[in-house]
Each structure stands twice: as C-alpha cells, then as structure tokens.
Amino acid sequence: MTIQWFPGHMAKARRQVTEKLKLIDIVYELVDARIPQSSRNPMIDEIIVNKPRIVLLNKTDKADPRMTEEWLRYYREQGVQALAIDAQAGKGMKQIVSLSKEILHEKFERMKAKGIKKPRAIRAMIVGIPNVGKSTLINRLASKKIAKTGDRPGVTQAQQWIKVGSELELLDTPGILWPKFEDQTVGYKLATTGAIKDTIVNMQDICVYALRFLSRYYPVNLKERYGLEEIPEDIVELFDAIAKKRGCIMSGGMVDYDKTAELVLREIRTDKLGMLTFDDPAELSSEE
Ligand code: GDP
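These numbers come from a predicted model, not from an experiment.

So what's going on with unusual backbone geometry? Which residues, and what values?
Backbone geometry places K59, a non-glycine residue, at a positive phi of 60°. Here K59 shows up in the loop between β2 (53-58) and α3 (65-78). Accessibility expressed as a relative area gives 18% for K59, which makes it buried. In the Ramachandran plot, D271 falls in the positive-phi region, its phi being about 65° despite a non-glycine side chain. One can find D271 in the loop between α10 (257-269) and α11 (284-287).

In structure tokens form, the structure reads like this:
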C-alpha cells in the first residue's frame with residue numbers, strides 16, 4: 001500500500017490526473033475523516049483547476065463525530081462542497097450522486113439548451129492519497145467488486161467507465177496523489193492512522209506523538225482504555241504505566257517499549273480507544 005514518492009513519481013502522478021481531468025465533469029477528492037487536512041495532497045488546488053470538486057470525508061465510522069461536524073462546517077464556510085461518508089458500509093453514496101447532479105445542473109441545462117435532448121451521464125473521477133479508501137469507494141458505487149486494491153502508479157491502463165445508476169459514470173481507476181509527508185506532524189498523523197507502513201517510520205516516535213495527542217485531546221478515552229487514574233505528564237512514565245497494565249514487560253522486569261508502542265498503535269487503528277480525529281480545522285491557519 002505504501003508508495004515511495006520521488007519527484008519523478010509525483011510529476012507522473014500529477015500528469016496522469018491532469019490527463020484524466022479532460023474526460024470528466026467533477027472530481028471527488030477523498031480524504032480520511034480522522035485527518036482531513038493531513039490526508040490531502042498538498043498541491044490539490046493547483047492540480048484540480050476549473051473542475052467542480054466534492055471533498056469526501058471517508059471512514060467517518062472511525063472519526064470523532066463532533067469533529068466531522070466541525071469539518072463539514074469549516075468546508076461550508078469556505079464555500080467547499082463536502083460530504084461525510086463511510087465507503088466500507090456504503091453510507092452517503094446517494095448523496096454523492098445527488099450533490100453531483102445539483103452542482104452540474106446548470107452545465108447540463110446549457111447542454112440541453114444547445115439542443116442535446118438526452119444529456120449524457122455525469123462523468124466523475126476519484127482522487128486521493130494512498131489508503132484513503134478510493135478502491136473501496138469505487139467498488140461501493142459500482143455495487144460489485146471491480147477495482148483492484150493496491151496502488152500501482154505508473155501502470156497505464158485503458159480507461160473504463162463504471163455506471164453508477166443511470167446518471168453517473170465513474171472512471172474505474174482513481175487518481176493517486178502523494179501526501180504532504182515532508183511535514184513531520186503530518187507524517188505522524190498518517191502513521192498513527194495507518195496510512196503509512198510502520199516499517200518506514202519509527203513506531204516509538206509515532207506512539208509518543210499519539211500518546212501526547214490523546215493525553216491532550218482524548219484524556220478520558222486514554223484513561224478508560226488503560227485503567228489509568230491519572231495520565232502521567234512524563235511520556236516515559238505514561239509508556240511505563242500502559243506497559244505495566246498490559247504486561248509489556250521483558251524478562252528482568254524492563255519495559256518493552258517496542259511492544260507497548262505496537263500495542264497502543266494497533267489499538268488506536270482498530271478503534272479500541274474510540275472514534276478519534278487528529279486534525280482540527282481551528283488549527284488550519286496556524287499550521288500553514
Ligand atoms: P485506496 O488505497 O485509497 O484505494 O484505499 P482502499 O480502498 O484500498 O482502502 C484502504 C483500507 O481502508 C482498506 O482496508 C479498506 O477496507 C479501508 N476502508 C476504506 N473505506 C473505509 C471506511 O469508510 N471505513 C473503514 N472503517 N475502513 C475503510
């Protein structure tokens with residue numbers, strides 16, 4: 001699932017998306033609802049020009065519902081069309097079609113006015129960074145298994161259209177773009193949510209980030225999950241407390257920090273600490 005993004009790959013990915021833009025009426029920009037900002041491509045506004053776009057916040061089943069509302073409000077204020085969806089369970093699929101029709105209503109009315117009696121279906125494509133659920137969404141919209149999971153940039157394929165009802169057609173291959181990985185916090189967020197393979201980042205570093213974040217924003221979840229009365233301010237003490245509760249102790253009584261980090265991250269990713277969101281729209285202006 002992880003792609004090593006080199007400048008050449010980025011240029012190629014961008015070119016491929018730009019090529020496909022010519023074929024479509026509307027873009028669905030898929031992001032992870034737990035990290036709507038960190039799971040965006042940093043150049044998306046430059047890449048998708050002159051095409052209407054809907055931001056789809058996916059995996060809302062794993063995200064903090066209160067924060068998903070905040071994000072939707074933020075997009076509304078920015079004049080950006082956005083929907084909260086769960087591609088895995090198929091939630092929000094009808095809204096994608098109806099909002100697309102609404103957005104493209106005028107364009108298709110103009111086509112009608114030019115004498116095209118039966119307008120063609122709306123043509124759409126999905127773009128997003130790896131692992132946000134592009135293939136899952138394509139399969140969902142197609143209501144049968146078609147898209148190959150796993151990303152293979154650079155593999156050229158003939159374009160196929162997937163019919164979504166009678167009014168929408170979707171490109172069968174999504175546009176795969178790169179994340180903003182040069183920013184360390186963004187990297188930690190991507191790793192915490194499992195968007196980046198663990199082998200390319202240090203598990204303990206990610207876990208330090210994640211535990212500090214949880215201590216600050218989700219202290220109740222953290223206390224309840226690991227049976228902590230209080231959350232130690234010192235990060236090593238916090239690791240120690242969790243390790244003791246969970247038996248992540250090596251022979252000789254030393255704390256096994258690798259095992260503790262692995263356990264905590266696995267539990268975050270499998271929602272054992274509840275529905276969590278790591279990006280806050282309120283912090284957007286200070287981040288940039
Ligand atoms: P892609 O790389 O963008 O094509 O992502 P995939 O479609 O391969 O999905 C990546 C992982 O996220 C897979 O394990 C999917 O099952 C999972 N996934 C996709 N959408 C959702 C969702 O809405 N909710 C949850 N919980 N998991 C999802």
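Describe in detail the pairing of strand β6 (residues 168-171), supporting the description with residues and values.
Residues L168 and L170 point to one face of β6 and E169 and L171 to the other, with burial holding for every one of them. Looking at chain direction, strand β4 (residues 122-128) and β6 are connected through 3 bridges and run parallel. The residue of β6 that forms the bridge with R123 is E169. Where strand β5 (residues 161-164) lies against β6, 4 bridges are found, and the strand directions are antiparallel. Looking at the pairing, V164 lines up with L168 of β6. Turn length for the β5-β6 hairpin, with the two strands adjacent in sequence and antiparallel, is 3 residues, and the turn residue G165 shows positive phi of about 65°.

Give a detailed account of the UniProt feature "binding site: GTP" (unreviewed entry) in the protein, specifying residues and quantitative values.
Per the UniProt record, the feature "binding site: GTP" (unreviewed entry) sits at N58, K59, T60, D61, N131, V132, G133, K134, S135, T136 and G175. Separation in sequence by 118 residues is matched in space for these annotated residues, since their most distant C-alpha atoms are 23.7 Å apart. Sequence-distant contacts of K59, defined by excluding residues within four places in its chain, comprise D32, A33, R34, I85, D86, N131 and V132. Mapping S135 onto the fold places it in helix α5 (residues 134-142). Exposure remark for S135: the relative accessible area of 11% places this residue in the buried category.

Criteria and thresholds
Sequence order as written defines the numbering, with residues in each chain counted from 1. Local features in this predicted model are restricted to residues whose pLDDT is 70 or higher, and side-chain atom pairs enter the listing and the counts only when it is 80 or higher, whereas totals over whole chains, interfaces and linings include all residues. Water and hydrogen atoms were dropped before computing side-chain values, which therefore reflect all heavy atoms in the structure. Starting at the N terminus, helices and strands are each numbered in turn, a helix being any DSSP run of H or I of at least four residues and a strand any DSSP run of E of at least two. Each residue is placed in one exposure class: buried if its accessible area under a 1.4 Å probe, protein chains only, is under 20% of its type's maximum, exposed if it is over 50%, and partly exposed if it falls in between. Paired strands, as defined in this entry, are two strands with at least two bridges between them according to DSSP. UniProt positions are given in the numbering used here, feature names are shortened, and annotations may be inferred rather than shown by experiment. Any pair of residues with heavy atoms lying within 4.5 Å of one another is described as a contacting pair.

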